[in-house]
Each structure stands twice: as structure tokens, then as C-alpha cells.
Amino acid sequence: MATTVVGQRLSRVDARRKVTGTATYSAEHRIEGLLYGVIVNGTVARGTVSRISVDAALAHPGVLHVLTDFGSLRLAHPVDRIAFYGQPIAVVVAETLEAATHGASLVEATYERQDAVTDFDAPDIPSQTPADEPDYSRGDPAGALASAQVKVDLELTSARENHNPIELPSTIARWQDGRLTLWDKTQWSQGAARTVAGALGIAVSNVRVHNEFLGGGFGSGIQTYDHVTLAAFAAREVGSPVKVVLTRRQFYYGTGFRPASRHRMALGSSTAGRVSALVYEVRIENARYQTYTDGLTDLPQFLYGVPNTRTAYRVTPVDVHSPCSMRGPGVVLGNFALETAMDQLAHELTLDPIELRLRNEPTRDEVTQLPFSTRKLRECYETGARRFGWSRRQPKPGSRTDGDLLIGMGMATASYHNNRRDSSARARIHADGTAEVFAASADMGPGTTTSVMQVAADALGLPASAVTFRLGDSSYPTAPLHAAATTMASVGSAVHTTCNALRTEFIRRAVADPDSPLHGTNPADVRVSDGYLSATGGGRDSYRDILRRTALPSLDITGNWGPGDADSRISTYGYGAVFAEVSVDPLLGLVRIRRIFAAYDVGRVISPKLAHSQAIGGMVGGIGMALLEGTVTDHRDGRIINASLADYLVPVNADVPDLDAAFINTEDPQADPIGVKGLGEITIVGVAPAIGNAVFNATGKRLTDLPIRPEALL
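First, a word on scope: everything that follows refers to the structure included in this document. (Residues numbered from 1 in each chain as written. Predicted model: local features only at pLDDT ≥ 70, side-chain atom pairs only at ≥ 80, totals over all residues. Heavy atoms only, no water.)

## Things to note about helix α5 (residues 189-200)
The test is simple: Numbering of helices and strands runs from the N terminus; a helix is a DSSP stretch of H or I covering at least four residues, while a strand is a stretch of E covering at least two. Take the residue count of a helix, subtract one, and multiply by 1.5 Å to get its expected span. Relative accessibility decides the category of a residue: with a 1.4 Å probe and only protein chains considered, values under 20% of the type maximum give buried, values over 50% give exposed, and everything between is partly exposed. A contact between two residues is defined here by any heavy atoms of the two lying within 4.5 Å.
Counted at 1.5 Å a residue, the expected span for α5 with its twelve residues is 16 Å, and the 16 Å between its end C-alpha atoms agrees. With nine of twelve residues buried, α5 lies mostly within the body of the structure. For α5, the complete set of buried residues consists of S189, Q190, G191, A192, A193, V196, A197, A199 and L200. Against β8 (170-176), β9 (179-184), β10 (207-210) and α6 (226-238) lie the buried residues of α5.

## Considering a nonpolar patch on the surface
For clarity, the threshold we go by: Note on patches: the residues involved have over 30% relative accessible area and no salt bridge, like charges join within 9 Å, and the nonpolar side chains Val, Leu, Ile, Met, Phe, Trp and Tyr join within 5 Å. Note on areas: these come from Shrake-Rupley sampling with a 1.4 Å probe, and a residue is covered only by the protein chains present in the view. Take a side-chain nitrogen of Lys or Arg and a carboxyl oxygen of Asp or Glu: if they are within 4 Å of each other, that pair is a salt bridge.
A contiguous nonpolar surface patch, about 310 Å² in accessible area, is contributed by L587, L588 and L590. Tracing the sequence through the fold places L587 in the loop between β24 (573-585) and β25 (590-601). Classification of L587 by relative accessible area gives exposed; the value is 72%.

## Regarding the environment of G7
Mapped onto the secondary structure, G7 falls in the segment before α1 (15-20). What G7 contacts, discounting residues up to four positions off in sequence, is Q454, V605, I606 and P608.

## Describing the side chain of N335
Heads up, the rule is: Throughout this description, a polar contact denotes any pair of N or O atoms lying within 3.5 Å of each other; where both atoms belong to protein, one of them has to be capable of donating a hydrogen while the other can accept it, and for residues adjacent in sequence the pair is counted only when both atoms sit in side chains.
Turning to its location among the elements, N335 is positioned in helix α9 (residues 331-348). A polar side-chain atom of N335 sits 3.0 Å from the main-chain carbonyl oxygen of T413. Contacts of N335, omitting those with residues within four sequence positions, involve L299, L303, T340, T413, V685, G686 and P689.

## Some words on the sheet that holds strand β12 (residues 261-269)
Condition: Note on pairing: DSSP must find at least two bridges between two strands before they are called paired. Angles run from 0 to 180 degrees between N-to-C directions of axes, and those axes are lines fitted to C-alpha atoms, restricted for helices to the stretch in contact.
Reading across the sheet, the six strands line up as β6-β14-β13-β12-β7-β29 and stay open at both edges, with mixed pairing between neighbours. At either end of the open sheet lies a strand with only one pairing partner, and these are β6 (136-138) and β29 (705-706). Sheet topology note: the strand β7 (residues 150-158)/β12 ladder contains nine bridges and is antiparallel. Across the sheet, the residue bridging to S158 is S261, located in β12. Packing against the sheet, α9 makes contact with β7, β12, β13 (275-287) and β29, and its axis sits at approximately 145° to β7.

## Remarks on the environment of S322
You can see S322 is positioned in the loop between β14 (308-318) and α9. The sequence separation of S322 and N697 amounts to 375 residues, and the corresponding C-alpha distance is 37 Å. Beyond its immediate sequence surroundings of up to four residues, S322 is in contact with G256, F257, A287, Y289, Q290 and Y292. Among the polar contacts made by the side chain of S322, one reaches the side chain of Q290 at a distance of 3.2 Å.

## Section: the side chain of T486
Its location among the elements puts T486 in the loop between β19 (467-470) and α13 (487-512). From its side chain, T486 meets the backbone oxygen of A484 in a polar contact 3.1 Å long. If near-sequence neighbours (up to four positions away) are discounted, T486 is found in contact with N419, R421, P480 and L481.

## Points about the packing of aromatic side chains
What counts, and what does not: Only centres within 6.5 Å qualify two rings of Phe, Tyr or Trp (six-membered ring in Trp) as a pair; their planes then separate them into stacked at under 30 degrees, edge-to-face at over 60, and tilted for everything else. Charge-over-ring contacts are defined here by two conditions on Lys NZ or Arg CZ: a distance within 6 Å of the ring centre and an angle within 35 degrees of the ring normal.
This structure, assessed with the given rule, holds 13 aromatic pairs. Note on F84 and Y289: the rings are 6.0 Å apart at their centroids and 35° apart in plane angle, and the pair reads as tilted. Taken together, the positions of F84 in the loop between β3 (63-67) and β4 (88-94) and Y289 in the loop between β13 and α8 (298-302) put the pair 205 residues apart, joining distant regions of the chain. With respect to burial, F84 and Y289 carry one shared label: buried. With a centroid separation of 5.5 Å and 70° between ring planes, the pair formed by W390 and F579 is classed as edge-to-face. Placement of W390 in the loop between α11 (377-388) and β15 (401-402) and of F579 in strand β24 is noted, with a sequence separation of 189 residues between them. F579 matches W390 in its accessibility class, with the two residues each being buried. Taken together, the ring pairs in this structure connect F302, F372, Y573 and Y575 into an aromatic cluster. The ring of F372 has R375 lying over it, and the distance from NZ or CZ to the ring centre is 4.9 Å. Taking the ring centre of F438 as reference, the NZ or CZ of R426 above it sits at 4.8 Å.

## A look at the sheet that holds strand β23 (residues 554-561)
Across the sheet, four strands lie side by side as β19-β18-β17-β23; this open sheet has mixed pairing. Edge positions in the open sheet fall to β19 and β23, since each of these has one partner strand only. Pairs of neighbouring strands in the sheet enclose a mean axial angle of 15°, with direction left out of account. Bridge analysis of strand β17 (residues 423-430) against strand β18 (residues 435-438) gives four bridges, and the strand direction is antiparallel. What sits directly across from R426, in β18, is F438.

This is the structure:
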């Protein structure tokens, strides 16, 4: 069936609601009898609460309850002791937010402190090998590195980063007849329902979560944190609906973060630029109460054809909240180490950085020995270099100036695994010829509501205006977490499969109906467009007429899709080439982005306008990682010093003057039926090393610590 809606540069279908303020976010729902909860945070990193005084809070006008006993709850961390600074120790419930906030300030606690360590670089802190990240080796990496003609051996670091979407974590909880409804800012409504049910000891079937609109997430809404469970707990305890919204400062304490990391990346090469050895050792901060890992070693093991490779992943448990996924989780840091070392190796070899990468292109996935589904990385290099003007780069560092400024160009490769998971959808066509499609997915900003609608419209043979995609409700058909570049390949494929089945059912009914103009037609000869079923040799019916003849108000089908054993047969990744130009003021040490361009192989692009927006957003995040973002901890007690948008630096418009992206025309039909690869994560991967490599080209200084600070260039 010819594509008519997929590929169109559509604006977001929910854009008007968002810009006019009629989109209702989790904290904005009007619930009768609503009370307000404010969390009281502990102020030590390790210990127990020996005494908590709530009398002053209860005496404050408007304060109704102060809850301090969380012993019945099953949380990710211990509830009988303090495991990290900011751990909730009480919830104040009041008639107004103002009363609850002031009441929370009146709660006083004393602690039995224990010696705490919040600095994972502190001496004598043992590290561990996580069970899901065992050491990896192929060939003889130690011997190959020792005998290599050219060697690069770098130590690199990155600071902790915190998520900073504009919408704060927020939850409204209401109980009715033993059933719990949550309006929550979550990237995974069904995961939130399971977590809260488990924490409260109730059946998950008694929990329903709504999350239609999210004001950004970047990974902060994947896990279900204490504030969600405590809102539900408080509502149950006081017998009224309760709203809990974290402050910006509490956001830093109450949710996870991208962990700080320490890296060693060593490469060995021949003088001809053939990389023969790679050794990558990485260590990240972790909580004592829970182990967190992500894919730092993925790209060092996989990206280039290096026959002798070893990776070692370690975590260092300290007295902090557990880290969590942040855009490009793990991969973005492992890639920073790899691509910085590759650029340094190219410099040592006096070889163009793109040429070095091309000389080390693998013919298959050397980790799994599987063939690539598609790998258009060479085309990404060619397109990016041409569009960016890479040929104008001066290979000798510091040789290009603009007045008093040093100008540099850098590039880096990007890649991310094409994640697909089992998903379900329900498709329904109404008697008026319009359609609705349902899945328990979310849309934190990439435009899922629009792009999935486009897939459904083509599968059903309907115009975009006739199709609505419904998401944001845990009662809808199963969907995976809205993260890890998973949604389009998974939910989109389930919607495609389900809508195809519904279209086929209408065709079956038409050709079997003696009253249909298509009666007796071979179903294979029927096409659907604009809601009309037409036969190759003549005859025409419609969704509306078929439903009218059967006196049905609608017809719907629920379907499923999953990747099956595809990952045992193919290696499927997205790819990209990122190019950056910077200026550096040598007197002030200030780095300014002049422009960034990236070319991507991400399979079929469903919605070009939204894909371009995704790419720009990822670049902005990469600029923050490279130049600005870093969470600062006072290691005396674990308090975060810069827990506000006034002190934690993120990119603003002046930091992002010229960003652009292009997409290689390709599809990946082996990976999923709609031929897509994940886009949301790959767009941040490669940005930080491209900027760092551009700074080296401008100054000759190889900076290996993120963020790049002015003092490092002075």
C-alpha cells in the first residue's frame, strides 16, 4: 500500500493544546477534595533518625497530618535508616501548598550519624564488578597493545549530571473503593503501576496511572521514585486525594542522575592506521543499596574492527542516591572516551580523523559475529563532511584564527543499539470513518503522538486528520518504557501490525458481504485509501458503509508485535557522524559553539520535522555535557551545592547558534516491520567528543575532563 502520511513534515498534533495551555500535565488535574503533600528530606548521608518532632508543624494553620512511619512500604532503599542525603523522612499534608510547605519547614529531626562517604574517588573505597557487566576480552589485547607501533593511552573523567526538564516530578493520588488512580509524570505508566503496587502491597490491577502529557524527562521519569509512592501512601492514610510536587532542589535529591565516571582508554595501531588493540577500563559512582549499570562498554567493544579488545566495568558504592538513565545512558560516556582517543590517534598518525575511522570499519559485529542489518556509517561520514565543509579543516592545531579567537573543527562517530521490545496496541474504526489507536506509551517530547498516528494512518488507509493516537494510560495495551530509543520501533510496529489486521478484517467483511460492491472480490486486489476500499477491476466500499450495514458503532482489534529472535540473527544499530566547529578565546579560556552538523543512519524516518527536532535537542544536551553541566557535592554531608537552575548550568539559546542534521535515506526491514531504528538517544552520542576534538584542533590541548572548563584552557 502506498505511503501517504509517513514521511510528511507534519507539525505535532498536540501543539495547539500545549501552546494554548489546554494540555493538562500531571500536577494540573482538578481533583475534588485535593490536599497537598510536601516531603521532608533527611539532612545526613548515612545514619538513622533518632527523634522527629512534628508538633510545631501540626500546630500550623492548615496542616492536617504529618506522616513519619514508612515501615509498611517496600522502597528501593531501606526505610529504617538513612541511605543518602535528601531521603524522605516525613510527609506533611495540608489544605494548601503554602501551609504544607511551611509545615514541612517546622519538622525537626535529630540523627544518629554514621560515617558516610559520598566521594567515589575517596581512597580505600573498594569497587565491584557488576553481575550484568562482566569483563570482556577477545584476542590478545595486552600483547597487541605492547607491540603496537603507535599507542594512545588516555585518562578521562566526567562529572555527575542531573536531569533538568522544566516540568518537575509531580503526582496526584486518589483512592476510590480500594483502587488507586495516579496522575504522574512518568515515562512508563505500567512500570509505575507495578512499582507502586509492590511498594504498597496491593494488586497491580488496582492501580491505574495517567501520564498523557510530560514536560520533558531525559530518563528522570523511567523509575518510580519515593514521591510517587508517598503520594499514594499519604492519600490512603488521610482518606483524601493528595498532590506531591518536588521542588527543583528536591528533584536533585529525590531522583537519580547520570553518574560521574572515570575512564582509561588505550589504543594500539600500526603506522598505517590499523587499530590492533583496545583496552577500556571504566568506573562509575553507585549507591550502596542498589547497583546501577548502563552500556558504557558497548561501543568500545563494537564500533570498530579491533581484533584485540578488552573492557572492564567497575562500580564504586558510596552513600548516595542510586544513579539512573540519562539521555544516551552509558553509551554517551563510553563513546566520549573512545572518540577522544581515536582523534588523538589520528593526530599521532597525521591522518584525517574520518580516514582513520574508515580504515577500521568492521565487516560484521565482532562481539556477536552477526551481520549488520544495515550500517550506512560511510554514507554518514560522506554526507556530514560535505555538508559541514570538513575539507576546510586545518589539520595542524592552532593554525586557524578569527581575530583573537582560535577556530577548530572536530568530528566523532555516534551509534546506539536499535532497541525493540514486545508491545501491543488496539485499533478502532468508528461509524463516522474516524479511527483511534491505543497503547500505554508516553510522549515526553519527541512527538510520539504524531509519529505513531502517521504509521496508523498509512496502515488503515486514512488521512492524518481522521486518526487519533491515544496514550498516557496504564490501562491501555502493553507498551515498553518510553526510553532507550525504544518507542517508535516497538509501539510503532505494534500499531502497524494491529492496524494492518483491522484493515484486513474490513476487507474480509466487504468481500464476504452480498450487499457490498466488493462482494466476491479477491481480497488481495482490494486497496484502501481515504477510508475507501477499492478493487483493481472496479467496485468501491467504505469503512463507514461496512459498519452501517452491520449496525456496528465501531470495530476494533487488539494486536501484538515483538522482535522475536531477530537479535540472535542480526546486529542492528543506528549510526551517525557528528561535526562541530568552535571558537576558543585563549585569554579567557571560553569555548563557544559556532555550528554543529550531524548525519544519521536511523532507518526509515517516519516524521522528518520531528526527527530533525530530536536531533537538535540531542545536540543541545551534548553541548551541556561538553561545556557546562556538572553536579557539585559537598562531601561532608552529601548535600548537592548547585541544586537549582540558577547554579547548575544548562545551555541557553546563546549557546546553540547553528545546529542542523540530515538523515541517510535507508530502511531496516530486518529489524522491525516499519523499518525504523531508534533516534532519541543517538542524537546526543558523539556531540561531546566532537566538541572536545574541535577544541583540540583549535588549541592543541587535549582535554579529557567533562565538562571542559575555562581554567583548563588557560
